[in-house]
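# Architecture at a glance
This is what each chain is made of:
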Amino acid sequence: MTTSSPHKPGGARIAVQRFGTFLSGMIMPNIAAFIAWGFITMLFIPAGFFGADSPFKWHWAPVAEILGGGGNSADIGWHGAMTALTQGTDGTFAGYVGLVGPMITYLLPLLIANTAGRMVYSERGGVVATIATMGVILGTDIPMFLGAMIMGPIAAWVTKQMDKLWEGKIKPGFEMLVNNFSAGILGMLLAIVGFFAFGPVMLGISNVLGAIVAWLVSLHLLPVLSIIVEPAKVLFLNNAINHGVFTPLGIEQATQVGKSILFLIEANPGPGLGLLLAFTFFGVGAAKSSAPGAIIIQFFGGIHEIYFPYALAKPATILALMAGGATGVATNMVLGGGLGFPAAPGSIIAVTAAAVGGGVGNLLVVYLSVALAATVTFLIAGVMLRASRKRDLAAEAEGSDSFGAAIAQTEANKGKKSSVLGSLGGGTATATLTRPIETIVFACDAGMGSSAMGASVLRNKIKKAGIEGVKVTNAAIANLDGTADLIITQQQLTDRAKSKSPASEHLSVDNFMNSPVYDEVVSMLETQQSGAQPTAEAAPAAPAAQPASAILTPDRVRIHAGSATRDEALKEAADALVAAGAVTGDYLQAMHDREKSVSTFMGNGLAIPHGTNDAKDAVLGSALSVVRYDGGVDWSGDRATFVIGIAGKDGAHLQILSSIAELFSDEDDVARLNAAATPEELFAMLSAVNES
């Protein structure tokens, strides 16, 4: 008898979404570099403001130096179309090797490769990915963005697998030697493979994709892409399409002609604006009342997902989005509109910045494409909403919540709760802080868009409250470095953020735009600045606050369902002690030194990592951190479940060790500690150490 695993609904779609998010993660952190390149191109290519074909050519003294001066075009080594753009009438090189060429050929692909490598395997993966991608770049004659987006993650993954071969087998003192030489040799080999094999393959793929786009353009079928793109956006498949295909092809096209229509196929804010305007005038209930606010977020903030629930509440309006999108593409195709670099996020502000380089005429064409896309979508969606208005009003009177269901469906399509959609449907959160807060980070998948807006909202509230000395920023979860005092994430992302920055305080919110948790945070910051201990009236039941001198406090007791390596466990213990102000950053190395001389595994699943006697200067006070790893930690061949980091000032650690040993010597007590369901329950069992 055979059995088959049950089919997971939306499995393929969610896989594509995750792939798209990964692609977006490579591109989005480097958008600033694309913008810089776009502005430099706008100013200094032959058709630019100071280029050879401009009335202002060579009138500005530094232009020649910025462009790189003269020379022979044969020395450039670029794609033929790029070379043609850089030739003067006499066949000699007319400029723009200085900044424009190296940036598009080397800088931008290498930035993408490094970002991709870090996403897979931290800094080490980023370095090897960059080396390997250099081979791919030199093995082709076009800007190798697709190659960077593929070689970067592959090189980092190979590095990670290589390191696993000798993990834990390197003799002390040889780690740096082995790590540096192994990464260097692997990078060299991958660069050679990239030059001779990978580069030509990627060149072939790029040529095929380019030929498909050229074929669509030649048959005037490019607007047909909107039939695919607009429904794909509502299903959150847009990142895979936009950053996987349109962005790299668009950049290649922009290097040849200074702009690309491909940047506007997915990013045009017109269709979403038209749909939201239709709901503003002809919608009913919550959809109608929330649409004006959503317009601000979508059109000026560039967060397109805000309009997806409106489309799902009336699925027929997706046809209006298709028509509007096709209208925008057709307008740019016929009139020659395009952007000089990706507009990310898809805000009218970003679109303007990316379009202005093509001149006033190009900017007006792009604006016209946005306006016509919005108008067509508005008219078609308006007719649909008007036709169903009586039925919608009757359904609302009967208590039907189709818009709320659409929000839920949108979040299901995304595969997680949305940080911006919560502003359409409310949500609550309760804040509780247990430490002084100086740095607050809003974190989301990409670190832009919704998290940036959330950071702005809280920053303004803090400013209005007259609170000083608190820095509020935003970042991608993958880029959290453990230095933030407080990290605010959407609820479904909190666990990921905790794993990246375990020593930080963490708060979850339903939405970034309008969460009640912000007012609570502001209130607590006001209390903090007045010198009182932070409290939260609506905080859930928890153990009484511990005095500042307490050895163990609730925020330093954690439970992880998974496993960890010994080094990861040591770092988490050290980070918690650093956050408590008990040790300096040097204490982690002292913990490693202790393990090299003698293991701190004590039996009964307990490890008690602490520094050597030589690390006294790194100890500022006495404190404990407690982490229970339900998946276990391989502690030099033993299995540790509890990792208790210890810092003791002036011999206080001896009494601390005694209290812990007494607790863990009884197997019944250990069983109860393992059975604790929450960190609060675990803390209650361990709090006796504060009486030592």
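Residues numbered from 1 in each chain as written. Predicted model: local features only at pLDDT ≥ 70, side-chain atom pairs only at ≥ 80, totals over all residues. Heavy atoms only, no water.

## Considering the sheet that holds strand 1 (residues 439-444)
Consider a sheet: its strands pair through backbone hydrogen bonds, and that pairing is either parallel or antiparallel. The strand order 2-1-3-4 describes an open sheet built from four strands, whose pairing is parallel. Edge positions in the open sheet fall to strand 2 (471-476) and strand 4 (505-509), since each of these has one partner strand only. Between one strand axis and the next, the sheet turns by 25 degrees as a mean value, whatever way the strands run. For strand 1 and strand 3 (residues 486-490), the ladder comprises four bridges, and the chain directions are parallel. By the bridge assignment, F442 is partnered in strand 3 with I488. (Pairing = 2+ DSSP bridges. Helix = DSSP H or I, 4+ residues; strand = E, 2+ residues; numbered from the N terminus. Axes fitted to C-alpha atoms, helices over the stretch in contact; angles between N-to-C directions.)

## Remarks on a nonpolar patch on the surface
On the surface, Y106, L138, F174, L177, F181, I185, M188, L189, I192, F195 and F196 cluster together into a nonpolar patch covering about 1100 Å² of accessible area. Of all the elements in the fold, those that place two or more residues in the nonpolar patch are helix 5 (100-138) and helix 7 (175-218). Of all the elements, helix 7 adds the most residues to the nonpolar patch, at eight residues. Mapped onto the elements, I185 comes out in helix 7. (Patch = residues over 30% accessible without salt bridge, like charges linked within 9 Å, V, L, I, M, F, W, Y side chains within 5 Å. Areas by Shrake-Rupley, 256 points an atom, 1.4 Å probe, with all protein chains shown as cover. Salt bridge = Lys/Arg side-chain N within 4 Å of Asp/Glu carboxyl O.)

## A word on the sheet that holds strand 7 (residues 606-607)
Pairing is mixed across the open sheet formed by five strands, whose spatial order is 5-8-9-7-6. Two strands lie at the open edges of the sheet, namely strand 5 (557-560) and strand 6 (601-603), each paired on one side alone. Pairing of strand 6 with strand 7 involves two bridges; the strand directions are antiparallel. What sits directly across from F601, in strand 7, is A607. Where helix 23 (residues 566-579) meets the sheet, its contacts fall on strand 5, strand 8 (623-635) and strand 9 (638-647), and the angle it forms with strand 8 comes to roughly 165 degrees. (Contact = heavy atoms within 4.5 Å.)

## Some details on the nonpolar core
Of all hydrophobic cores here, the largest spans 34 residues; its most connected members are F34, W37, L108, I112, F145 and L339. Where this core is concerned, the elements lending two or more residues are helix 1 (11-27), helix 2 (31-44), helix 5, helix 6 (145-165), helix 9 (238-257), helix 10 (263-267), helix 15 (348-355) and helix 16 (360-387). Of all the elements, helix 5 adds the most residues to this core, at seven residues. When near neighbours in sequence (up to four residues on either side) are disregarded, L339 contacts K259, S260, F263, L264, V351, A354, A355 and V366. With 26 residues, the next largest nonpolar core counts A278, I295, A320 and I348 among its residues. (Core = buried A, V, L, I, M, F, W, Y, C linked by side-chain atoms within 4.5 Å. Buried < 20%, exposed > 50% of the residue type's maximum accessible area, 1.4 Å probe, protein only.)

## Considerations on the packing of helix 14 (residues 317-335) against helix 16
Helices that pack against each other are described as a pair by the angle of their axes relative to one another and the distance between those axes. The N-to-C vectors of helix 14 and helix 16 enclose an angle of 155 degrees; their axes lie 8 Å apart at closest approach. With respect to helix 16, the element helix 14 is oriented roughly antiparallel. When you trace helix 14 past helix 16, the crossing you get is right-handed. Each of T317, L319, A320, L321, A323, G324, T327, G328, T331, N332 and L335 in helix 14 lies in contact with helix 16, whose residues at this interface are V365, V366, L368, S369, L372, A373, V376, T377, I380, A381 and M384. Residue composition of the contact of helix 14 with helix 16, grouped by class: 14 nonpolar, eight polar and no charged. (Parallel < 35°, antiparallel > 145°, perpendicular 65-115°, else oblique. Left-handed = near helix turned anticlockwise from the far one by under 90°. Nonpolar A, V, L, I, M, F, W, Y, C, P; charged D, E, K, R; others polar.)

By themselves these figures say nothing about function.
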